[in-house]
Amino acid sequence: MTEILNETGGSACAEDVCQDDARTVPQMSTDGKTPVTILTGYLGAGKTTLLNRILTENHGKRYAVVVNEFGETGIDNELVLDAEEEIFEMNNGCICCTVRGDLIRILSGLMDRADDFDGILVETTGLADPGPVVQTFFVDDDLRDRVKLDTVVTLIDAKHFLGKVDEQHEAEEQVAFADVLIINKQDLVSDGELGTVKAKVRQINPHARLFTTTNSGVDLGEILDQGSFDLQTLLELEPGFLEEDPEDHEHDDSITSVSLTCGEPIDARRFSEWMRMLIREQGTDIFRSKGILKINGDDRRYVFQGVHMVMDSEWGVDWDTPAPVSRLVFIGRNLDEEALASSFAACAAIKAAA
Amino acid sequence: METDVWNTDMPAPSPGAIDQGTTRLAPGITTINTRAQANVTRVKGLSGSVEGCGVAVGLGNGEIGVFSSAGDLGPHLKPHDAAVTGLADQGDTLFSIAQDGRLSAHDLKNGNRNTLFTSPGEWLSSLVVAPKTGMVAFAVGKKAIVLPTAQSESGAQDFEFDNHPSSVSGLAFSPDGKRLAVSHYDGVTLWSLDGSDEGVTLCWKGFHIAVSWSPDGRFVVSATQERELHVWDLVTDKDFRLGGYPAKPHMLDWTTPETGPVQLVCSGADVVTAWPFGDVGPGRLPPVEIGYVYTGRVTAVAPHPTRPLVAGGYTTGTVLIGGLQKGEAAFARIADDETISGLDWVGASSNVLAVGTRGGSLDFITIGELRLQ
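Attention in this report is confined to the structure presented alongside it. As the structure is a prediction and not an experimental result, all values here were calculated from the model. (Residues numbered from 1 in each chain as written. Chains lettered and ligands numbered in written order. Predicted model: local features only at pLDDT ≥ 70, side-chain atom pairs only at ≥ 80, totals over all residues.)

### Digging into the overall build of chain B
Phase 1: Helix and strand counts for chain B stand at zero helices and 31 strands.
Phase 2: The C-alpha radius of gyration of chain B comes to 20 Å, within 12% of the 21 Å expected for a compact globule of 373 residues.
Phase 3: Overall, the C-alpha framework of chain B stretches about 60 × 50 × 35 Å when taken along its three principal axes.
Phase 4: Classification of the 373 residues of chain B by burial places 54% in the buried group.
Phase 5: Pairs at least 24 apart in sequence give 48% of the contacts found in chain B among residues at least 6 apart. (Helix = DSSP H or I, 4+ residues; strand = E, 2+ residues; numbered from the N terminus. Rg over C-alpha atoms; globule rule 2.2 N^0.38 Å. Buried ≥ 20, exposed ≤ 12 C-beta atoms within 10 Å, placed from the backbone. Contact = placed C-beta atoms within 7 Å.)

In structure tokens, the structure reads:
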């Protein structure tokens, strides 16, 4: 089901410290699709506090909110909707095509009253695997037409994170999926403990933007309407979007990030075949992937991103540097950096021709 | 049960490939354009006899407008506080459900309104009225609720079916009105409305998103998230798949027997697909494909009640009217990027097509002496 290099794009199955008083107004997108922000994190990490801030602060935007534990927000708002988590494994039995049917139903229904709000927030339960939630936005046609996944925000309880992360996969996966990481309740730990939490979080996901807060006090302008899943946004961030990974990789089954670069133009067919094979064999373990490529024989930037086995891709504007460098990043479990590096290097057109 | 797969090979729509400047409306088409107060969520042609009440239009703000076939606004109803999610009629009564948890019945003759059900904070969906018995059914969460109406025989009891594995996604009455089909995760459950059984589940692993019952009562068809139709033949106990859709085929409808052998009409592809069912099902026959490629993706369908025609509305705002035998088609509305959210035939001779869009346009299209190409 994977089309890595299709002409039209589309989907397929493949340290900042925040000031509490800083407030900026989130700017809404203009392409007509309603942005959706996903809030994940363990119970007690501060999701409800953040939700209440978004719903009550005077930023001039209206949000519809989908929650899993109704009543917890304590806000009387007809746009707060209760979702009973209804996970659905698609017919092909592939875990990576698991979606949340309740979200499809509720978000499609919300779009029948789209005039009532500017954006949608989806809160997941503390124990939820973010995969099905994120994948839902890639695989459902109706949602793709009308809403766009904006950002995955993960809240981390500074005090309890280290105790959970080694026991429960979900805690680690919530960090791996994030575009924005908020280490909350920093007032409850020492500087040393906070440093250890940061290092662990960065080892899992070095690319997300990181904030440390008290009372979920992050500037809302830093988390709402960020366009994190927008391929054009990814292009604008290039080339800085993939900084080098930390060197101290642990070689166990924990989640890590691998960044790869290639200074030679990439052979489209080779790359496509390699990605297909990779996500078929390791898609379950790859949580997020992103890349910007220089394709041999094409002047345009080729940009893609994926969640497990589902991918979005499109062509961007022309490269404007004399020696374009292709970059890829994977965040996942059991990633073999050397093997990935050598198989990516083999996609260079000069190697393909040899 | 046995399973077969028949695929038609339909290319994915490629938006923007149609040259809007060269698209022409079919000769004889005249259109009255109006604007609604909000996005149109439902369009339902009315079969009653009240003058000036040709079609009901439900909106995202909870209002309902009733219009004549000439596009004149008749009764303007405000029964709901949130988006209208279903309209159905029987005789001169219009039923409506919404995201405010209410089911209302409007008597179009005398203007009276009754609230038949209310559950604040919950969304009602999948409104259907039973032929013959006058029972009305809708879904709320994992429950399907069946209620008698003024048209039902006295003493008719209500039912609440809640033994479903997920939220209810679709409902359909059997043609005799004695059974209710409920779609959900991994199948469709058939409930008898005399309380005589515990429900019979037709199993097929999948996320079923809509259900429909053939006019002869023989076939139950569901649409799935996996972009297929699943068909159960209740006579032979066989089931089979109809696939090849580039998107979810969630609008299902049937042609009437008066216009020829019965066909199942549905959305989801870049053409309207009409599967030949006749008396025995499609066998290995392909569907008639109505329309042109590259006009977008079909989001709404409406078979004509008396002529062998079908109307199809697209994501692009295009509306086509086509012949059910050969698939020849004519443009009835030109693309304007307003996704068609509902359409239905209106008027005594059903020569008007009412079309609503997500952007709030409401058009009344008179087809006149339609010539198809």
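### Description of the overall build of chain A
Phase 1: Within chain A, the secondary structure is distributed over eleven helices and 16 strands.
Phase 2: Within chain A, the fraction of its 354 residues that count as buried is 48%.

### Notes on the interface of chain A and chain B
Phase 1: Opposite the 16 residues of chain A that make contact, chain B presents 20 residues.
Phase 2: Elements that contribute at least two residues to the side of chain A that touches chain B include exactly α2 (101–110) and α4 (141–146) of chain A.
Phase 3: With four residues, α2 of chain A is the largest single contributor of residues to the side of chain A that touches chain B.
Phase 4: Of the residues assigned to the side of chain A that touches chain B, the class counts are three nonpolar, four polar and nine charged. (Nonpolar A, V, L, I, M, F, W, Y, C, P; charged D, E, K, R; others polar.)

### Concerning the nonpolar core
Phase 1: Ile-156 of chain A together with Ala-137 and Leu-171 of chain B are the most contacted members of the largest nonpolar core, which has 206 residues in total.
Phase 2: In contact with Ile-156 of chain A, not counting residues within four places along its chain, are Gly-41, Ala-45, Phe-161, Val-175, Leu-181, Ile-182, Ile-183, Asn-184, Val-197 and Val-201 of chain A. (Core = buried A, V, L, I, M, F, W, Y, C linked by C-beta atoms within 7 Å.)

### Some thoughts on the sheet that holds strand β4 (residues 55–59) of chain B
Residues and elements named next belong to chain B.
Phase 1: Here four strands make up an open sheet; going across it, the order is β3-β4-β5-β6 and the pairing antiparallel. The open sheet has two free edges, formed respectively by β3 (40–45) and β6 (73–77), since each of these has just one partner strand. Recorded for the sheet is a direction-independent mean angle of 20° between the axes of neighbouring strands.
Phase 2: Alignment of β3 against β4, held across five bridges, turns out to be antiparallel. Within β4, the position partnered with Gly-45 by the bridge is Val-55. (Pairing = 2+ DSSP bridges. Axes fitted to C-alpha atoms, helices over the stretch in contact; angles between N-to-C directions.)

### Notes on helix α9 (residues 268–282) of chain A
All names here are of chain A.
Phase 1: Taking 1.5 Å as the rise per residue, α9 with 15 residues should run 21 Å; its terminal C-alpha atoms sit 21 Å apart, in good agreement.
Phase 2: The complete set of buried residues in α9 reads Phe-271, Met-275, Leu-278 and Ile-279. On an axial view of α9, the arc spanned by its buried residues comes to 85°, and they lie on one face. Exposed residues pointing more than 90 degrees away from the buried face of α9 are listed as Met-277 and Glu-281.
Phase 3: Its buried side turned inward, α9 meets β13 (286–294) and β14 (300–307). (Expected span 1.5 Å × (residues − 1). Arc of directions from axis to C-beta.)

### Focus: the sheet that holds strand β24 (residues 288–290) of chain B
Residues and elements named next belong to chain B.
Phase 1: The strand order β21-β22-β23-β24 describes an open sheet built from four strands, whose pairing is antiparallel. Two strands lie at the open edges of the sheet, namely β21 (252–254) and β24, each paired on one side alone. Neighbour to neighbour, the strand axes of the sheet diverge by 25° on average, direction disregarded.
Phase 2: When β21 meets strand β22 (residues 263–266), the two strands line up antiparallel, connected through three bridges. Residue pairing across strands places Asp-253 opposite Val-265, the latter belonging to β22.

### Description of helix α6 (residues 169–177) of chain A
Phase 1: Most of α6 of chain A sits out of view: eight of its nine residues are buried.
Phase 2: All buried positions along α6 of chain A are accounted for by Glu-170, Ala-171, Glu-172, Glu-173, Gln-174, Val-175, Ala-176 and Phe-177 of chain A.

### Some remarks on the pairing of strand β28 (residues 329–333) of chain B
All names here are of chain B.
Phase 1: Within β28, four of the five residues are buried, leaving the element largely enclosed by the surrounding structure.
Phase 2: As defined by bridge partners, strand β27 (residues 319–323) adjoins β28 across four bridges and the pair is classed as antiparallel. Directly across from Val-319, in β28, lies its bridge partner Arg-333.
Phase 3: Once β27 ends, the chain turns through five residues before running back antiparallel as β28, passing Gly-327 with a positive phi of about 85°.

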